[in-house]
Amino acid sequence: LPMIRQFNAACNSVSFIAFQERIFHWLPLQRRAYHWLRSEFGLTGQQATVAVRKVAYAYRNKARRNTLAIFKPLGAIPVYYHSYKRDGTVSFYGHRLPFQARPDIALLGKAKEANLVYRDGHFFLHQVIEAPEAEAIIPQGFLGLDLGIVNLAVDSDGETYSGEAVERKRRIFTHRRRNLQRRGTRSAKRKLQGIRSKQSRYQRDTNHCISKAVVSKAQRHCLGIALEDLGGIRDRITVRRKQRARQHNWAFFQLRAFIEYKAVLAGVPITVVNPAYTSQTCPECGFVSKANRVSQSIFSCKFCGFSAPADFVAARNIRARADGNQPMVASAPSG
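Residues numbered from 1 in each chain as written. Predicted model: local features only at pLDDT ≥ 70, side-chain atom pairs only at ≥ 80, totals over all residues. Heavy atoms only, no water.

### Description of the pattern of salt bridges
Note that side chains of opposite charge can pair when their charged atoms are close. The line we're drawing: Criterion for a salt bridge: a side-chain nitrogen of Lys or Arg within 4 Å of a carboxyl oxygen of Asp or Glu. Put simply, DSSP marks the helices as runs of H or I at least four residues long and the strands as runs of E at least two long, and each gets a number from the N terminus on. To sort residues, take the accessible area from a 1.4 Å probe on protein chains only and compare it with the maximum for the residue type: under 20% means buried, over 50% means exposed, and anything in between is partly exposed.
This structure, assessed with the given rule, holds six salt bridges. Note that Lys217 is salt-bridged to Asp157, the shortest N-O span being 3.4 Å. Here Asp157 lies in the loop between β8 (151–155) and β9 (160–162) and Lys217 lies in helix α6 (residues 198–220), a separation of 60 residues in the sequence. With relative accessibility at 47%, the residue Asp157 sits in the partly exposed group. Taken together, the salt bridges that share partners define one network made up of Asp155, Asp157, Glu159 and Lys217.

### Section: the packing of aromatic side chains
Short version of the rule: Paired rings are identified among Phe, Tyr and Trp, the last through its six-membered ring, by centres lying within 6.5 Å, and are further divided according to the angle between planes into stacked (under 30 degrees), edge-to-face (over 60) and tilted (the rest).
On inspection of all chains with the given rule, the structure shows five aromatic pairs. Seen from their ring centres, Trp36 and Phe41 are 5.6 Å apart, and the 80° between their planes marks the pair as edge-to-face. Classification of Trp36 as partly exposed rests on a relative accessible area of 29%. Measuring from ring centre to ring centre gives 6.1 Å for Phe258 and Tyr261, while their planes differ by 90°; the resulting arrangement is edge-to-face. Pair noted here: Phe258 and Tyr261 are both in helix α9 (residues 252–266), with a separation of three residues, about one helical turn. For Phe258, a relative accessible area of 7% translates into the label buried.

### As for the packing of helix α1 (residues 2–21) against helix α3 (residues 45–58)
Let me state the cut-off plainly: Geometry is summarised by axes, namely lines fitted to C-alpha atoms with helices restricted to the contacting stretch, and by angles between N-to-C directions that run from 0 to 180 degrees. Any angle that is under 35 degrees is reported as roughly parallel, and any over 145 degrees as roughly antiparallel; angles of 65 to 115 degrees are reported as roughly perpendicular and all others as oblique. Crossing handedness is read from the near helix: turned anticlockwise from the far helix by less than a right angle, it gives a left-handed crossing, and turned clockwise, a right-handed one. Only heavy atoms matter for contacts: two residues are in contact if any of them lie within 4.5 Å across the pair. All residues other than Ala, Val, Leu, Ile, Met, Phe, Trp, Tyr, Cys, Pro, Asp, Glu, Lys and Arg, Gly among them, are scored as polar; the first ten of these are nonpolar and the last four charged.
Where α1 contacts α3, the axes come no closer than 9 Å and their chain directions differ by 55°. The orientation of α1 relative to α3 falls into the category oblique. Viewed along their axes, α1 and α3 form a crossing whose handedness is right-handed. Contacts from Met3, Phe7, Asn8, Cys11, Val14, Ser15 and Ala18 of α1 reach α3 at Gln47, Val50, Ala51, Lys54 and Val55. Looking at the contact of α1 with α3 residue by residue, the class counts come to eight nonpolar, three polar and one charged.

### Let's talk about the sheet that holds strand β10 (residues 224–228)
Condition: Pairing between strands requires that DSSP locate at least two bridges from one strand to the other.
Taken in spatial order, the five strands line up as β9-β8-β7-β10-β11 in an open sheet, and their pairing is mixed. Among the strands making up the open sheet, the edge pair consists of β9 and β11 (270–273). When strand polarity is set aside, the average angle formed by the axes of neighbouring strands in this sheet is 20°. Direction of pairing for strand β7 (residues 142–147) relative to β8: antiparallel, over a ladder of three bridges. Bridge pairing in β8 places Asp146 opposite Val154. Sheet contacts for α9: β7, β8, β10 and β11; angle to β7, the most-contacted strand, approximately 160°.

### Notes on the nonpolar core
Inclusion rule: Take the buried residues of types Ala, Val, Leu, Ile, Met, Phe, Trp, Tyr and Cys, join any two whose side-chain atoms come within 4.5 Å, and each joined set is a nonpolar core.
In this structure, Leu29, Leu37, Val55, Ile77, Phe92 and Leu116 are the most contacted members of the largest nonpolar core, which totals 30 residues. For this core, the elements supplying multiple residues, two or more each, are α1, α2 (26–41), α3, β1 (77–79) and β3 (89–92). The element best represented in this core is α1, accounting for seven residues. The contact partners of Leu29, leaving out residues within four places of it in the chain, are Val14, Ala18, Ile23, Val52, Val55 and Ala56. Core analysis: the next-biggest nonpolar cluster, separate from the first, contains 21 residues, Ala153, Val214, Leu223 and Phe252 among them.

### Observations concerning the side chain of Asp155
Going by this rule: We define a polar contact as two N or O atoms separated by no more than 3.5 Å, with the added condition that, inside protein, one atom must be a possible hydrogen donor and the other a possible acceptor, whereas residues neighbouring each other in sequence contribute only through side-chain atom pairs.
Here Asp155 shows up in strand β8. On the basis of relative accessibility, which here comes to 0%, the residue Asp155 falls in the buried class. A polar atom in the side chain of Asp155 sits 2.9 Å from the backbone nitrogen of Glu159. Engagement of the side chain of Asp155 in a polar contact is seen with the side chain of Lys217, the distance being 2.8 Å. Setting aside chain neighbours within four positions, we find Asp155 in contact with Leu143, Gly144, Leu145, Tyr161, Lys217, Phe312 and Ala315.

Here you go:
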């Protein structure tokens, strides 16, 4: 712990120099602060170099340079120079610590940089692994996938991955946090710390399971995966006040990221399509109308009468656009 606190205190000092003197690239910043870090904070050469890189990375975005970057006392430390020993220890920055690795860590590929993380009284070394990509398959079609809030994902075959369990967990943890915060005792604060990340871990596990199932299905049937381009969707959609907590809990970006990296490892191609009117277009006749969406869950075409779950209809339209078979837009029925 003292080493982590010392390192992050050094990062905050370098960040102040970078912000005040407007030095944001790592090279001039290293020339400015390297020797000062070693003498003032007693950092090793490797630690001083990594501290400068961490600060420079925090200012990589030009919009971020208008605000001073501050690092938490127990924030993660990048570890670029480390080695695993046969006696079950890992060596970095002059420290040699015992560690327990995943049983399959040696099978995943060559070890790269890592992050030392302190969480809930334990140290974790988040190791980046370089693994070979699988040979890309030649898809015989696409599996359309509609991402949502009530149903986290629905594919064009009609398979649904419900979000009710995630929503139920969110409500349980929200209620539990509210009661503990009202109590305000020392034991209540310990409880709050214990449940702090349980919800996010549960949701992360759910997204891993869904993404694994989707990619495995596409791989089995020699299909690509078609997704909507949902960039900036949080700014485009509005919901009622009671639904805001559920909307902000929607981790669709995480789910999509999991699907994409698992697809790369499995050799499954990903394509992104325009999301416009996918939930208002009839997949049978091509008629587009806002009135086709009877409710959040039901689609009923006002032209041909076709009816189906709305998310399934959207997934079919996503698949059609990926296949290049985008339906023609029919005119509104007269009368």
